[in-house]
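Descriptive analysis of the structure
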2 protein chains.
Amino acid sequence: MLLSKTCTYGLLATLFVATQKGKRDYVPIREISRQLNISFHFLTKILQRLTTHNIMNSHRGPNGGVRLARTPDQISLMDIIEALDGNKIFEGCVLGLPGCGETAPCPLHQSWSQSRDIIIHSFTTANLATMSHEIQKGMLRISGMDDGLTRKDH
Amino acid sequence: MLLSKTCTYGLLATLFVATQKGKRDYVPIREISRQLNISFHFLTKILQRLTTHNIMNSHRGPNGGVRLARTPDQISLMDIIEALDGNKIFEGCVLGLPGCGETAPCPLHQSWSQSRDIIIHSFTTANLATMSHEIQKGMLRISGMDDGLTRKDH
DNA sequence: TATAATTCAGACTCTTTTATCTTTAATTTA
DNA sequence: TAAATTAAAGATAAAAGAGTCTGAATTATA
């Protein structure tokens, strides 16, 4: 898998929050965790990172929770991936060859650069607005990580 | 990094063997390990897998070692990657979304398919012949994994 | 036939990453 | 003040990846 579980959890949670928009202000993490069947504490950590990266806002206390820090169209998939997985996926030589660079490119250097640019482009143009629109049209399910496991903490 | 260390070691070793072609028949693993500064026993395992996947031939005893099982132009990068890393990199939904498929594609499904095809294409067309040609032209170094460590076993 | 050189095979350890759980503290609302 | 909620840090567990070690099997050659 290209993306880590942390990253997909973060994405699913963000999408979930995006589709709740309007119904209320802050969405409690515990509820997200229950709906998506993700460990509450794990999800908490993930959302904390999204908060520090200014993708989410959080609020403590009763009626607290998280909400999007910006409008859905201003949050790209790339933002979430960078916040959670960093950009190590997109850096360096594909082959891991030492010394590969512009001056001495490996045989795949060029074509990998192209592929990578395509990937980055699609990650950057995909934003929460279009994705949650897809969800409302029924093109995409976010019905939870149903891996058959029961977790202690939601 | 997209590819595992196992995979880059395997690739480097295979390239090394390819560039030795003609000088002798079998190349001892111990020598490859010394030249590329890769742990001998670890490299042995890797090359065993390449042998079972019919990328290398091996020979025991004095003057033994490994050699390419086919001509360099008939061994693609993809062959090596599949033998060592499998094809899990190229399978499944990029986002890891449950239920993503042709009938209910996620928002990135199409563009990811395209990117993936490009990557697979370049991995498939890159073969040892062209790559070792680059090496002879000095475009690519395979001068070893010089990570500053000394290994006990070469 | 003995010996040395080599791969083969498997078990083992160490490290890193990923995922989860536990606990305590801080904050906010009612 | 009590209850609800996130914040923070760390412990733990599981899995995968990387690397090491030992011994057996095979082979060339002296």
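Here we summarise the structure given alongside this text. From a predicted model like this one, the values you see are computed outputs, not experimental measurements.

One copy of the chain maps onto the second through a rotation about an axis and a displacement along it. Turning chain B through 180° and shifting it by 0.1 Å along the axis lays it on chain A, with an RMSD of 0.1 Å. Viewed as a symmetry operation, the transformation between the two copies matches a two-fold axis. Using C-alpha coordinates, one finds that chain B approaches the rotation axis most closely at B:Ser115, a distance of 2.9 Å. Interface overlap between copies: 100% of the residues of chain B at the interface are likewise at the interface in chain A, consistent with a symmetric, same-surface contact.

Moving on, we get to the interface of chain B and chain A. Across the contact, 34 residues belong to chain B and 34 residues belong to chain A. Summing both sides of the interface, chain B and chain A together bury roughly 3,000 Å²; the carbon and sulfur share of this comes to 75%. In this structure, the connection of chain B to chain A is made through 0 salt bridges. The interface formed by chain B and chain A contains 1 residue pair in polar contact (both at pLDDT 80 or more). Going through the elements one at a time, helix 1 (5-20), helix 5 (109-125) and helix 6 (128-137) of chain B are the ones with two or more residues in the side of chain B that touches chain A. The dominant element in the side of chain B that touches chain A, judged by the number of residues it contributes, is helix 5 of chain B, at 7 residues. Residues belonging to the side of chain B that touches chain A are distributed by class as follows: 24 nonpolar, 7 polar and 3 charged.

Membership of the largest hydrophobic core comes to 94 residues, with the highest contact counts inside it found for A:Ile32, A:Leu95, B:Ile32 and B:Leu95. Those residues in contact with A:Leu95 that lie beyond four places of it in its chain are A:Cys106, A:Leu108, B:Leu3, B:Thr8, B:Leu11, B:Leu77 and B:Met131.

About the cut-offs
Residues numbered from 1 in each chain as written. Chains lettered and ligands numbered in written order. Predicted model: local features only at pLDDT ≥ 70, side-chain atom pairs only at ≥ 80, totals over all residues. Heavy atoms only, no water. Least-squares fit on C-alpha atoms with pLDDT ≥ 70 in both. Contact = heavy atoms within 4.5 Å. Buried area = accessible area lost by both parts, 1.4 Å probe. Salt bridge = Lys/Arg side-chain N within 4 Å of Asp/Glu carboxyl O. Polar contact = N/O pair within 3.5 Å; in protein donor to acceptor, adjacent residues only side chain to side chain. Helix = DSSP H or I, 4+ residues; strand = E, 2+ residues; numbered from the N terminus. Nonpolar A, V, L, I, M, F, W, Y, C, P; charged D, E, K, R; others polar. Core = buried A, V, L, I, M, F, W, Y, C linked by side-chain atoms within 4.5 Å. Buried < 20%, exposed > 50% of the residue type's maximum accessible area, 1.4 Å probe, protein only.

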